[in-house]
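Residue strings, one per chain:
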Amino acid sequence: ESSPFAAKGITTPVVERQALEQAEKAVSHLASQRNNRWYPAFHIASNGGWINDPNGLCQYHGRWHVFYQLHPYGTQWGPMHWGHVSSADMLTWQREPIAMAPTLPEERDGVFSGSAVVDDSGDLRFYYTGHVMLNGKDAENGTREVQMLAKADGPEVHHLRKHGLVVDFPEDLVFNDFRDPKVWKQDDVWFMIVGAQSKEHRGQILLFTSTDMETWNYDQILFEHPDPNVFMLECPDFFPLAAPDGKQRWIICFSAMGSKPSGFMNRNVNNAGYMIGSWQPGKAFTPESEFRLWDWGHNYYAPQSFESEDGRRMMYGWMSPMVQPIPMQDDGWCGNLTLPREVYLGEDGDVHTVPAHELLGLRSDTTTWDAMQLASGEERTILDNAEAVELELDIDLSQTTAERAGVKLHCTEDGAYTYVAYDAQMGRVILDRGACSNGDRGYRAAPLSNAELEAQHIRLRIFIDRGCVEVYVNDGSQVLSSYSYPSQGARAVKLCSESGSVSIASCKVHTLRSIGLDE
Ligand code: FRU
């Protein structure tokens, strides 16, 4: 093998070890001064510094591993490292040593996003992107991105060993961006997809094949985004799901750069979603649906999926704080991942995402309310101070006349709150930050299908953490994830009805315990 850290058993080279130690020190320093007012109790975050995309997701020898893009030296994006946490049960997480620092020439300016895959010997491999800025300081004169290989040090996965470059930058195919490899095996062939910007500045996903996981040959363009505004597809992902009728569909996923907002769609700076279609090796992907968002909230990007050892398709996203102001940056940390979600095809033919069933184990105690009717204009406080809770709500639309029926959360004494509601005029579920006193405001609105509107009941699972909220609609037909930074003091939760009455068929609150990363 041609690479610098290749052979198994060789100890980590000095430059890498020093770079990792220095990064650990920087993160610890930020962590020692961290303000926890918005730091998550049950979402994965770094103890200090900036994070973005989830990377290298896997369950290996029973243990869950989550890596993530990490800038250890500040609360802004910067030279990328890989942070790492692991868990035996998805409930209690432990910090692992920082896994990679940008030390090789091919990754001088960052070890960018990548994914994990178990090879034929049962070893855990990581394919990731090496990023170099040609002028050494910014992207002005272009960048050079190549695909790199690293391997876990053993079944415990405490350290990674770098094996160097495996796919060089394809000059004749790609204009500039070429990153975020995802690898899988099918019919004895290894496949790798990489996101790219074509010479014509179109967002593409390129397909490579290999028989030995070392030599990769370009196969074809798996997919080109139909929107000519889209110039790059980051974090591509591609997997089959079984439909309830037993047929297999392929889901192509990407984080699109360049799409323009249109109505309720694509309101974020960059937008992550999927298309459903069909595929067979040797062919390009055939889309059979339009582009759909994974998540309708303000802060969702760069999701990555993986298969659990019991065969479920799991996914984490990054709650992307793309718009200033970003108040958590003053607190020594910036960014957390979403909850782990299970991805499945529903009876309606669409992809649904629900919180991984393991998360039921976070519930420490439960309060249940009887069915209740709210009068027009009423606000009813159900919790005086909720820091980490899951709220389950069933709104009976057949008995509801309100134009908005919902919940105000992170309600503080200064009058600030975040509003989650069913909006009867839109026929959508909204997440409105217009009354927040910290951070970016604005609202988002997730659609409901005709069948959901006709069903007369809307069920919401709302996860409220210290600085963010995730709203799952009707068993994950839609999700909204957004940061929400409460003001000082107690954080109340209130049910409310606007202009008309609201019938709540059931209401439950579960206190959630910490996942162990917020000490
Ligand atoms: C997506 C992304 C990836 C890249 C990484 C760099 O958020 O831009 O395309 O690998 O983040 O941090």
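Bear in mind that the values here come from a model prediction, so they are computed numbers and not experimental data.

## Details of the overall build of the protein chain
Alright, step 1. In terms of helices and strands, the protein chain carries two helices and 36 strands.
Alright, step 2. The C-alpha atoms of the protein chain give a radius of gyration of 23 Å, which matches the 24 Å a tight globule of 519 residues would have.
Alright, step 3. With the C-alpha coordinates aligned to their principal axes, the bounding extent of the protein chain is approximately 70 × 50 × 45 Å.
Alright, step 4. In the protein chain, which comprises 519 residues, the proportion classed as buried is 62%.
Alright, step 5. Considering only contacts within the protein chain whose residues lie at least 6 apart along the sequence, 61% involve residues at least 24 apart.
Alright, step 6. A total accessible area of about 19,600 Å² is found for the protein chain, and carbon and sulfur atoms account for 47% of it.

## Notes on the pattern of salt bridges
Alright, step 1. Summed over all chains, the structure comprises 33 salt bridges.
Alright, step 2. The closest approach of N and O atoms between Asp350 and Arg292, which form a salt bridge, is 2.8 Å. Here Asp350 is found in the loop between β22 (341-345) and β23 (351-355), whereas its partner Arg292 is found in strand β17 (residues 292-293), with 58 residues between them in sequence.
Alright, step 3. Of the residues examined, Asp350 reaches a relative accessible area of 13% and is grouped as buried.
Alright, step 4. Classification of Arg292 by relative accessible area gives partly exposed; the value is 21%.
Alright, step 5. Here Arg341 and Asp295 are joined by a salt bridge, their closest N and O atoms 3.0 Å apart. Of the two residues, Arg341 is situated in strand β22 and Asp295 in the loop between β17 and β18 (301-307); the sequence distance between them amounts to 46 residues. In terms of burial, Arg341 and Asp295 fall into one category: buried.

## Here's the deal with the environment of Val194
Alright, step 1. Along the chain, the position of Val194 falls in strand β10 (residues 189-198).
Alright, step 2. Sequence separation between Val194 and Val146 is 48 residues; the distance between their C-alpha atoms is 9.9 Å.
Alright, step 3. When residues no more than four places from it in sequence are discounted, the contact partners of Val194 are Gln147, Phe178, Arg179, Pro181, Gln204, Ile205, Leu206, Phe208 and Pro236.

## Digging into the domain arrangement of the protein chain
Alright, step 1. According to the domain assignment, the protein chain consists of domain 1 (14-355) and domain 2 (364-512).
Alright, step 2. Each of domain 1 and domain 2 was reduced to a C-alpha centroid, and the two centroids are 31 Å apart.
Alright, step 3. The interface is formed by 37 residues belonging to domain 1 together with 39 residues belonging to domain 2.
Alright, step 4. Each partner contributes to the roughly 3,100 Å² buried at the junction of domain 1 and domain 2, and carbon and sulfur atoms together form 57% of this total.

## Examining the sheet that holds strand β9 (residues 174-186)
Alright, step 1. Strand order in the open sheet made by the four strands is β9-β10-β11-β12, with antiparallel pairing throughout. Each of the sheet's edge strands pairs with one partner strand only, and the pair in question is β9 and β12 (217-224). Across this sheet, the average inter-strand angle for adjacent strands is 25 degrees, counted without regard to direction.
Alright, step 2. With eight bridges connecting them, β10 and strand β11 (residues 203-210) associate as antiparallel partners. Its bridge partner lying in β11, Val194 is registered against Leu206.

## A look at unusual backbone geometry
Alright, step 1. Cis peptide bonds are those with omega within 30 degrees of zero, and the linkage from Gln324 to Pro325 qualifies with -5 degrees.
Alright, step 2. Structurally, Pro325 is set in the loop between β19 (313-319) and β20 (333-334).
Alright, step 3. In this structure, Val157 takes a positive phi of about 55 degrees despite not being glycine.
Alright, step 4. Mapped onto the elements, Val157 comes out in the loop between β7 (143-152) and β8 (160-167).
Alright, step 5. Overall, Val157 belongs to the buried group, its relative accessible area being 0%.

## Regarding the nonpolar core
Alright, step 1. Among the nonpolar cores identified, the biggest contains 68 residues, and Phe42, Ile44, Trp93, Ile251, Trp294, Tyr316 and Val351 are the most heavily contacted of them.
Alright, step 2. Top contributing element to this core by residue count: β19, with five residues.
Alright, step 3. Each of two domains, domain 1 (14-355) and domain 2 (364-512), supplies a minimum of three residues to this core.
Alright, step 4. Among the nonpolar cores identified, the runner-up in size contains 54 residues, and Trp296, Leu397, Ala446 and Val502 belong to it.

What counts, and at which threshold
Residues numbered from 1 in each chain as written. Predicted model: local features only at pLDDT ≥ 70, side-chain atom pairs only at ≥ 80, totals over all residues. Heavy atoms only, no water. Helix = DSSP H or I, 4+ residues; strand = E, 2+ residues; numbered from the N terminus. Rg over C-alpha atoms; globule rule 2.2 N^0.38 Å. Buried < 20%, exposed > 50% of the residue type's maximum accessible area, 1.4 Å probe, protein only. Contact = heavy atoms within 4.5 Å. Areas by Shrake-Rupley, 256 points an atom, 1.4 Å probe, with all protein chains shown as cover. Salt bridge = Lys/Arg side-chain N within 4 Å of Asp/Glu carboxyl O. Domains from an automatic or database assignment. Buried area = accessible area lost by both parts, 1.4 Å probe. Pairing = 2+ DSSP bridges. Axes fitted to C-alpha atoms, helices over the stretch in contact; angles between N-to-C directions. Core = buried A, V, L, I, M, F, W, Y, C linked by side-chain atoms within 4.5 Å.

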